[in-house]
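The residues making up each chain are set out below.
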Amino acid sequence: MNVVNPCTCMIMKELNVGLIGHQFMGKAHSNAYHNVAKFFTLKAKPVMKVVCGIGPDVPVFAERWGWKENTQNYKEVVKRDDIHMVDICTPNKLHAEMAIAAAENKKAVLCEKPMAMDAAEAKQMVAAAKKNKVPTLVSFCYRRAPAVTFMKQMIAAGKLGRVYHVRAQYLQDWIMDPKFPRVWRLVKAITGSGAHGDLNAHIVDMARYLVGDIDEVVGMTETFIKQRPLEAPGAGAGLRDKKAGSKTGAVDVDDACAFLARFANGAMGTFEASRFSGGHKNGIFIEVNGSKGSFKFNFEDMNELWYLDLEEDNREQGFKRILVTEPNHPYVGVWWPAGHIIGYEHNFVNMLADFINDGIVGRKPVMPDFADALKTQLVLDAVLKSAEERCWVKVGK
Ligand SMILES: NC(=O)c1ccc[n+]([C@@H]2O[C@H](COP(=O)([O-])OP(=O)(O)OC[C@H]3O[C@@H](n4cnc5c(N)ncnc54)[C@H](O)[C@@H]3O)[C@@H](O)[C@H]2O)c1
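1. Section: the domain arrangement of the chain
Working step 1: Here the chain is described as being made up of domain 1 (6-142) and domain 2 (146-301 + 303-342 + 374-394).
Working step 2: Taken together, the contact pairs 21 residues of domain 1 with 28 residues of domain 2.
Working step 3: In this assembly, domain 1 packs against domain 2 so that about 2,100 Å² is buried in total across both faces, 69% of it on carbon and sulfur atoms.
Working step 4: Inspection of the region where domain 1 meets domain 2 yields one salt bridge.
Working step 5: D198 is the salt-bridge partner of K113, the closest N and O atoms lying 2.7 Å from each other.
Working step 6: Between domain 1 and domain 2 we count seven residue pairs in polar contact (both at pLDDT 80 or more) in total.
Working step 7: At the level of elements, α1 (24-39) and α5 (119-132) are the ones that each hand at least two residues to the side of domain 1 that touches domain 2.
Working step 8: Among the elements that line the side of domain 1 that touches domain 2, the one with the most residues is α5, at four residues.
Working step 9: For the side of domain 1 that touches domain 2, the residue count by class is 14 nonpolar, three polar and four charged.

Here it is as structure tokens:
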């Protein structure tokens, strides 16, 4: 074994990981640790050392996913000398506290999105990472769907010319039933904001990745169901296991949030996030229109990218469907032969491979690192301010 702290810049073969969170994202990230070294050639192999979560099922989770140890105390995890990387998959209000503690203990930090409750917290996370010189990454995993990465490469290569429009939506419908209980994602003190911080966060990140920074915004939010049953005690961990109790409580976050944006390069943006879009389960749509063509992507058909080339003979123009499954498309070569499609979980594996090879071992910033994700958080904050004050708001610095 040749294990060293990633922050010493020495070559290492094994990277000991401490994962915090053992439910939805805990599972998605565990799957990524399991598979990443099997498909990618890594400069350091992740070792699933310890998982931390709250609840009697944590040991069962550890056993099932192959974590060597488990604990309910995250402070133990971040302090351990033998842990090199801390991965945070907990509710939003815990991100800053856990990420700062991990950075102060010189761990590389992977943190779920949204980065923080607000930009003030995000700035503290950036400062802690900078002071301790630790690699960081925020888990905006959809950037690493091959079709999205390929779209970015094509836009950067000038395929669209001058970009005029970005049109982005992230639509779900899982809380439309007014009897669905008030889970933590509906409580401002734990989540920060509702559909906005949860869903707009992803499409703002994606739009910034594809097109660049956003200068100003004007938005609106709505909470359609303002009172919900509280969760019944003892209900299961998964969203589908949630049961309503007899008492009710207020919902103090948005169910939906739409906003307009002006990009620094002059492009116009429209963004919409909703948990009340019947029929949409995890519908992420983005379209970019430029002087030379357009791209569009729909996560429900994530292996496809649609491309319009305005330089073609106008009689032959039309959106063409590119199946992003050729071995020379981004990430695809490590997976299956051409045409054998991939799914949701592959985005996390792709992300982890980049973070380990380029960020932790390569010591290069991997995007979106904390400093980059702060810019997304600043856009989110500006939208909420705009909705409250009913006016355009400049995105802060
Ligand atoms: N990247 C994505 O696409 C994506 C998708 C879903 C969720 N998320 C984000 O991931 C994060 C977690 O969401 P989730 O859906 O996995 O939530 P979840 O409710 O399914 O799991 C939360 C986990 O945090 C643990 N936890 C809570 N308090 C803790 C504490 N004090 N110490 C240690 N562990 C604690 C719980 O035990 C649980 O394992 C959120 O920030 C969410 O926005 C990202």
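2. A closer look at the pairing of strand β13 (residues 283-290)
Working step 1: Across the eight residues of β13, seven count as buried, placing the element largely inside the fold.
Working step 2: Across eight bridges, the pairing between strand β7 (residues 163-171) and β13 is antiparallel. For Q169, the partnering residue across the bridge sits in β13 and is F285.
Working step 3: Pairing of β13 with strand β14 (residues 293-298), which is carried by five bridges, proceeds in the antiparallel orientation. Within the sheet, the bridge partner assigned to F285 lies in β14 and is N298.
Working step 4: Between β13 and the antiparallel strand that follows it, β14, lie two residues.

3. Some details on the packing of aromatic side chains
Working step 1: Applying the stated rule across the entire model yields 16 aromatic pairs.
Working step 2: Pairwise contacts between aromatic rings join F24, Y142, Y170, F299, Y344 and F348 into one cluster.
Working step 3: It is R262 that lies over the ring of W392; its NZ or CZ is 5.4 Å from the centre.

4. Some points on the packing of α5 against helix α10 (residues 370-389)
Working step 1: The interhelical angle for the contact between α5 and α10, taken along N-to-C directions, is 170°, at an axis separation of 9 Å. Taken together, the axes of α5 and α10 lie roughly antiparallel to each other. In this structure, α5 contributes A119, A122, K123, M125, V126 and A129 to the contact, and α10 contributes F370, A371, L374, Q377, L378 and D381.

5. Observations regarding the side chain of H329
Working step 1: Of note, H329 is situated in the loop between β16 (320-323) and α9 (344-361).
Working step 2: Residue class for H329 comes out buried when judged on its relative accessible area of 10%.
Working step 3: Ignoring any residue separated from it by four or fewer positions in sequence, one finds H329 in contact with F150, I322, L323 and V324.

6. Structural notes on the state of the cysteines
Working step 1: Following the criterion strictly, the structure yields zero disulfides and no others.
Working step 2: Looking at C391, it has no disulfide partner, and the nearest cysteine sulfur is the one in C257, 14 Å off.
Working step 3: Judged by relative accessible area, which is 30%, C391 ranks as partly exposed.

Calculation notes
Residues numbered from 1 in each chain as written. Predicted model: local features only at pLDDT ≥ 70, side-chain atom pairs only at ≥ 80, totals over all residues. Heavy atoms only, no water. Domains from an automatic or database assignment. Contact = heavy atoms within 4.5 Å. Buried area = accessible area lost by both parts, 1.4 Å probe. Salt bridge = Lys/Arg side-chain N within 4 Å of Asp/Glu carboxyl O. Polar contact = N/O pair within 3.5 Å; in protein donor to acceptor, adjacent residues only side chain to side chain. Helix = DSSP H or I, 4+ residues; strand = E, 2+ residues; numbered from the N terminus. Nonpolar A, V, L, I, M, F, W, Y, C, P; charged D, E, K, R; others polar. Buried < 20%, exposed > 50% of the residue type's maximum accessible area, 1.4 Å probe, protein only. Pairing = 2+ DSSP bridges. Phe/Tyr/Trp six-rings, centres within 6.5 Å; stacked < 30°, edge-to-face > 60°. Lys NZ or Arg CZ within 6 Å of the ring centre and 35° of its normal. Axes fitted to C-alpha atoms, helices over the stretch in contact; angles between N-to-C directions. Parallel < 35°, antiparallel > 145°, perpendicular 65-115°, else oblique. Disulfide = S-S within 2.5 Å.

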